[in-house]
Amino acid sequence: MATKLAIDSALLNKALEVGGEKTKKATVTRALREFIARREQERLLDLFGKFDWDDEYDYKRERTRR
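As the structure is a computational prediction, the values presented were derived from the model and not from experiment.

Trainee: Give me the lowdown on the overall build of the protein, citing residues and values where you can.
Mentor: When its secondary structure is counted, the protein shows 3 helices and 0 strands. The order of helices and strands in the protein, counted from the N terminus, is α-α-α. Here the protein has a C-alpha radius of gyration of 21 Å; the compact-globule value for 66 residues is 11 Å, and the former is much larger. When its C-alpha atoms are laid out on the principal axes, the protein stretches across 60 × 25 × 25 Å.

Structure, rendered in structure tokens:
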């Protein structure tokens with residue numbers, strides 16, 4: 001899908017420099033993937049402390065066949 005964007009050229013050049021990608025398209029794609037991954041990680045962090053943990057749960061015992 002072709003998209004026209006007005007991207008700050010200084011930011012794009014810096015991203016090309018530090019990111020190591022060879023093209024602007026690859027740089028933008030990588031930046032978007034990293035942005036998405038970061039946001040998904042933040043959502044997971046928000047879940048900490050919201051679940052009850054059973055201290056007596058024995059995961060090793062659950063692995064054995066009966």
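Trainee: Would you mind going over the layout of surface pockets in detail, with residue names and values included?
Mentor: Taken as a whole, the largest pocket holds about 290 Å³ of empty space. Forming the boundary of the largest pocket are Met1, Ala2, Thr3, Lys4, Leu5, Ile7, Leu12, Lys24, Lys25, Val28, Thr29 and Leu32. Taken together, the residues that form the lining of the largest pocket break down as 7 nonpolar, 2 polar and 3 charged.

Trainee: Before we move on, could you go through the side chain of Thr27 and cite the residues and values that matter?
Mentor: Examined against the element boundaries, Thr27 turns out to sit in helix 2 (residues 24-47). Residue Thr27 is classed as buried on the basis of its relative accessible area of 6%. At 2.8 Å, the side chain of Thr27 and the backbone oxygen of Thr23 are in polar contact. Setting aside residues up to four positions removed in sequence, Thr27 forms contacts with Leu12, Ala15, Leu16 and Glu21.

Trainee: Tell me about a nonpolar patch on the surface, and please be specific about residues and values.
Mentor: On the surface, Leu44, Leu47 and Phe51 cluster together into a nonpolar patch covering about 340 Å² of accessible area. By secondary structure assignment, the location of Leu47 is in helix 2.

Calculation rules
Residues numbered from 1 in each chain as written. Predicted model: local features only at pLDDT ≥ 70, side-chain atom pairs only at ≥ 80, totals over all residues. Heavy atoms only, no water. Helix = DSSP H or I, 4+ residues; strand = E, 2+ residues; numbered from the N terminus. Rg over C-alpha atoms; globule rule 2.2 N^0.38 Å. 1 Å grid on protein atoms, 1.4 Å probe; cavity = no way out; pocket = protein on both sides within 12 Å on 5 of 7 lines; lining within 4 Å. Points joined across faces, edges and corners; volume = space filled by probe spheres on them. Nonpolar A, V, L, I, M, F, W, Y, C, P; charged D, E, K, R; others polar. Buried < 20%, exposed > 50% of the residue type's maximum accessible area, 1.4 Å probe, protein only. Polar contact = N/O pair within 3.5 Å; in protein donor to acceptor, adjacent residues only side chain to side chain. Contact = heavy atoms within 4.5 Å. Patch = residues over 30% accessible without salt bridge, like charges linked within 9 Å, V, L, I, M, F, W, Y side chains within 5 Å. Areas by Shrake-Rupley, 256 points an atom, 1.4 Å probe, with all protein chains shown as cover. Salt bridge = Lys/Arg side-chain N within 4 Å of Asp/Glu carboxyl O.

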